[in-house]
Amino acid sequence: MSWVRFLWSYLSYRKDLLALLLACSAAMAAAELAVPWLMKEVIDAVLGEGPSAGMNMWLLTAVAVLAVLYAAHVVLLRTDALMILHCSYALRRRLLAHVHAQSLSFFARHRTGELTHRLTSDTKLFETSVARLLRDLPSEILVVIGVTALMFMLHAGLALVIILFMAAAAGLTFYLGQPLPSLRKSAQRVSARLAARFQETLAGVRTVQAFRNEGHELARLDEENRGLLDFELKEGKVYALMEPLGDMVELLGLVLVVWYGGGLIIAGEITAGTLVAFIAYMEILARPLGHVEAYVRSIQTSRAVGERLEDLLADREQLPAKGRWTSDAVPSIAFENVRFRYPGAERDILHDVSFSVDPGEAVAVTGRNGAGKSTLMDMLLRLHDPLAGRILAAGTDLTHWELDAWRRSVGVMPQEVFLFQTTIGENIAYGKPGASAEEVEEAVRASGLDRILRRFPEGLQTLVGERGAQLSGGERQSIALARLFLRRPRLLILDEPTSQLDGEALQLVRAALKPLMEGATSFIVTHNIDTVELANRVIFLENGRLAADGDHRSLLRREPRYSALWKDAAPPPEVPMSGQTR
Ligand SMILES: Nc1ncnc2c1ncn2[C@@H]1O[C@H](COP(=O)(O)OP(=O)(O)OP(=O)(O)O)[C@@H](O)[C@H]1O
Ligand SMILES: [Mg+2]
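Residues numbered from 1 in each chain as written. Chains lettered and ligands numbered in written order. Predicted model: local features only at pLDDT ≥ 70, side-chain atom pairs only at ≥ 80, totals over all residues. Heavy atoms only, no water.

It is worth spelling out the overall build of the protein chain at this point. Check the secondary structure of the protein chain and you find 21 helices and 10 strands. In terms of overall size, the protein chain is more extended than a compact globule, its C-alpha atoms giving a radius of gyration of 36 Å where 582 residues would be expected to give roughly 25 Å. Dimensions of the protein chain, computed from C-alpha atoms along their principal axes, come out at roughly 125 × 50 × 45 Å. Within the protein chain, contacts between residues at least 6 apart in sequence are counted, and of these 77% link residues at least 24 apart. Working note: accessible area of the protein chain is about 28900 Å², and carbon and sulfur atoms make up 59% of it. (Helix = DSSP H or I, 4+ residues; strand = E, 2+ residues; numbered from the N terminus. Rg over C-alpha atoms; globule rule 2.2 N^0.38 Å. Contact = heavy atoms within 4.5 Å. Areas by Shrake-Rupley, 256 points an atom, 1.4 Å probe, with all protein chains shown as cover.)

Another point: a nonpolar patch on the surface. On the surface, Leu20, Tyr70, Val74 and Val75 cluster together into a nonpolar patch covering about 370 Å² of accessible area. Residue contributions to the nonpolar patch peak at 3 residues, all from helix α3 (residues 55-100). Along the chain, the position of Leu20 falls in helix α2 (residues 15-46). (Patch = residues over 30% accessible without salt bridge, like charges linked within 9 Å, V, L, I, M, F, W, Y side chains within 5 Å. Salt bridge = Lys/Arg side-chain N within 4 Å of Asp/Glu carboxyl O.)

This paragraph deals with the sheet that holds strand β8 (residues 521-525). Taken together, the 6 strands give an open sheet; going across it, the order is β6-β7-β8-β3-β9-β10, and neighbouring strands pair in mixed fashion. Each edge of the sheet is formed by a strand with only one pairing partner; in this case those strands are β6 (410-413) and β10 (545-550). Each adjacent strand pair in this sheet contributes to an overall mean axis angle of 15 degrees, direction not counted. (Pairing = 2+ DSSP bridges. Axes fitted to C-alpha atoms, helices over the stretch in contact; angles between N-to-C directions.)

It is worth spelling out the packing of aromatic side chains at this point. Scanning the entire structure with this criterion turns up 13 aromatic pairs. Here Phe106 and Phe107 contribute two aromatic rings whose centre-to-centre distance is 5.2 Å and whose plane-to-plane angle is 80 degrees, an arrangement assigned as edge-to-face. Overall, the relative accessible area of 0% leaves Phe106 in the buried class. Judged by relative accessible area, which is 31%, Phe107 ranks as partly exposed. Lying over the aromatic face of Trp37, Lys40 brings its terminal NZ or CZ to 5.7 Å of the ring centre. Residue placement shows Arg297 over the ring face of Tyr239; its charged tip is 3.5 Å from the ring centre. (Phe/Tyr/Trp six-rings, centres within 6.5 Å; stacked < 30°, edge-to-face > 60°. Buried < 20%, exposed > 50% of the residue type's maximum accessible area, 1.4 Å probe, protein only. Lys NZ or Arg CZ within 6 Å of the ring centre and 35° of its normal.)

The next thing to look at is the site of ligand 1. Of all residues adjacent to ligand 1, which total 14 residues, the nearest are Arg347, Lys373, Ser374, Thr375 and Gln415. Interatomic distance of 3.2 Å between a backbone N/O atom of Ala371 and an oxygen atom of ligand 1. In this structure, Ser374 approaches ligand 1 through a side-chain N or O atom, which is 2.7 Å from an oxygen atom. Calculation on ligand 1 without its partners gives an accessible area of 630 Å², and the protein chains cover 64% of this total. (Near = heavy atom within 4 Å. Polar contact = N/O pair within 3.5 Å; in protein donor to acceptor, adjacent residues only side chain to side chain.)

What follows is about the side chain of Thr462. Along the chain, Thr462 falls in the loop between α15 (449-453) and α16 (473-487). Here Thr462 falls in the buried class, since its relative accessible area comes to 12%. Not counting the four nearest positions on each side in its chain, Thr462 is found in contact with Thr422, Thr423, Ile424 and Phe456.

Looking down a regular strand, the side chains alternate between one sheet face and the other. Pairing analysis gives 5 bridges linking strand β1 (residues 333-340) to strand β2 (residues 350-357), with the strands arranged antiparallel. Among the inter-strand pairings, Phe340 is bridged to a residue of β2, identified as Leu350. Sheet topology note: the β1/strand β4 (residues 388-393) ladder contains 5 bridges and is antiparallel. Paired with Glu336 across the bridge in β4 is Arg390.

For the magnesium ion (ligand 2), the protein coordination sphere consists of Ser374 (OG) and Gln415 (OE1), at 1.9 to 2.2 Å. Here the residue Ser374 occupies a position in helix α11 (residues 373-380), and Gln415 occupies one in the loop between β6 and α13 (424-429), the gap between them amounting to 41 residues. Residue classification places Gln415 among the partly exposed positions, given a relative accessible area of 37%. (Donors = N, O, S within 2.8 Å, 3.2 Å for Na, K, Ca; no water.)

The subject of this paragraph is the nonpolar core. Ranked by size, the top nonpolar core spans 50 residues in total, and within it Ile424, Ile428, Val440, Leu449, Leu494, Leu513 and Tyr562 carry the most contacts. Residues contacting Ile424, with those up to four places away along its chain left out, are Leu453, Phe456, Gly459, Leu460, Thr462, Val464 and Ile479. (Core = buried A, V, L, I, M, F, W, Y, C linked by side-chain atoms within 4.5 Å.)

For the rest of this paragraph, the subject is the domain arrangement of the protein chain. Segmenting the protein chain into domains produces domain 1 (2-180 + 235-314) and domain 2 (333-581). Each of domain 1 and domain 2 was reduced to a C-alpha centroid, and the two centroids are 62 Å apart. (Domains from an automatic or database assignment.)

Another point: the state of the cysteines. Tallied over the full model, the rule gives 0 disulfides. Cys24 provides the cysteine sulfur closest to Cys87, a residue in no disulfide bond, and the two sulfurs are 16 Å apart. (Disulfide = S-S within 2.5 Å.)

Helix length check: helix α10 (residues 272-314), at 43 residues, gives a terminal C-alpha distance of 60 Å against a target of 63 Å (1.5 Å per residue), a fit within 8%. Along α10, the sharpest kink reaches roughly 40 degrees, centred on Val292. (Expected span 1.5 Å × (residues − 1). Bend = angle between axes of the 7 residues up to and from the residue.)

Attention now moves to the confidence of the model for the protein chain. Predicted confidence across the protein chain gives a mean pLDDT of 88, with 96% of residues reaching 70 or more. Confidence drops under pLDDT 50 across residues 571-582; counting only partners more than four residues distant or on other chains, this segment forms 13 contacts. (pLDDT = per-residue confidence, 0-100.)

This next bit is on the packing of α3 against α10. Helices that pack against each other are described as a pair by the angle of their axes relative to one another and the distance between those axes. Where α3 meets α10, the axes come as close as 10 Å, and the angle between the chain directions of the two elements is 40 degrees. Seen along the crossing, α3 lies across α10 with a hand that is left-handed. Along its contact with α3, which presents Leu91, Arg94, Leu95 and His98, the element α10 presents Leu309, Leu312 and Leu313. Within the contact of α3 with α10, the residues separate by chemical class into 5 nonpolar, 1 polar and 1 charged. (Left-handed = near helix turned anticlockwise from the far one by under 90°. Nonpolar A, V, L, I, M, F, W, Y, C, P; charged D, E, K, R; others polar.)

In space, the 4 strands of this open sheet follow the order β2-β1-β4-β5, with antiparallel pairing throughout. The sheet is open, and its two edges are formed by β2 and β5 (396-397), each paired on a single side. As paired elements, β4 and β5 share 2 bridges and run antiparallel to each other. Counterpart to Ala393 in the pairing with β5 is Thr396. Where α11 meets the sheet, it contacts β1, β2 and β4, and its direction lies at approximately 120 degrees from that of β1.

Written as structure tokens, this is what we have:
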């Protein structure tokens, strides 16, 4: 029944239009039922077997009934389209908000292409099948009920024969259609996988081409594509069995009525007008019956897709965000016995990490690849919560902070800079939505990016390509830094901010970072010896443990593993020397 609940949650966005649609359906059904009844009345009158009435009056009544039918149909179609568009808009909005409310572990479990597929293809398929159902099904159900009642009023025996026959036919159609929802669900699943894989090969097209792996990728895509074909062929087989059933039933039913009804006229049980009315009702019944196959298709499709969408909406993975605490002060930071492991992973990434940092301090975080530096920074931003221990900012557990306020007070430059497919200017303004052009220009000047921008004739209006692919790594890093100048954060997290910068840019950026760091507590992850010197203290991580904590020069002297880190990294000659001479 979860499908019905989901359908209701979808439709209830426009209950007003739904009510109008049902009213139109009822009007249409009533008008349709009236026509055969009028025919019976006039035939019996003409044959002198009932009350006689003027033929012109009869025509007028029939035309009036048809006019009602037409008007109700027009309003119904309009309402159906309007309602479905509004409901789909609301559904998409719900899905978008849901996806963006999830924490990072949700995204680790779902592939981008697959989520996109649910939001586009699944939603569209659901919309189309529900629209089709609502347009015809309510009026046809009413027609079937009404015709059944009227036929029983005319002659119970004949009605029973017809109803039993029709019910058997409808039952058979449903039976044949049983495999459809699971086939459709599988087809949507495979097609989402195909979309996800395709999206991945596009995002990694440079790698694919560099390794000359187009053939390999195509073979993998074709595997999914073929899977989709198989499921859809199976669906086609089921439909081929179901579809001709409708026509068959209509003709067979007619034969049955004429044979049985003819016998009843001979026996004097019914009038000729009654048989004509029966035949007309049969015709009316044949239409919904001919649609049963399409209804089964729509119901099964909307069920399959609706369940997929509902699963997505039920899949929540959010950080608890009930905290209300906020503060404008430059925060102190404390890690207290923090332990962390990624969901589904088998080993801890951070073990029992403890340290504290005063407000305004600048801390360099170093360690070998995979030591857990970026993870530590993510935890500081509260992208993940610790499994044990706690993180305090300004003396308050991060989980008690208002999440929005906390993230807004942090300025972060991630290890992998992501740029949106728009201009350099808009990518900088992302640091503060709604920033004015002057503010952006000021940030550009303050960050030293103006020196780099000079090589672009279009300056801030330069387009960066998808994910910033049309810029060099150093240019992307400079833009990410300029973003921070718009924000003036109270906590600064820089994950390898200078890893891609050349000598000139490095000097510029380091000079620019100083004033930014003055008004903030700062963490700088780096493998660069000069960048370490921006900080007055170093935290050295080894395999997720805090191996050393102190100032750079004294660590070089007293921690062999720390100095080994810089030796291996082939630092500029003067630094190890200064470490050794002291
Ligand atoms: N999303 C994830 N799921 C599971 N494991 C992860 C995830 N991200 C990182 N890891 C693992 O956590 C460990 C620490 O990764 P992290 O990115 O924090 O290292 P790092 O110190 O920043 O390294 P680098 O100097 O290479 O940037 C690594 O062993 C990595 O494989
Ligand atoms: Mg890292």
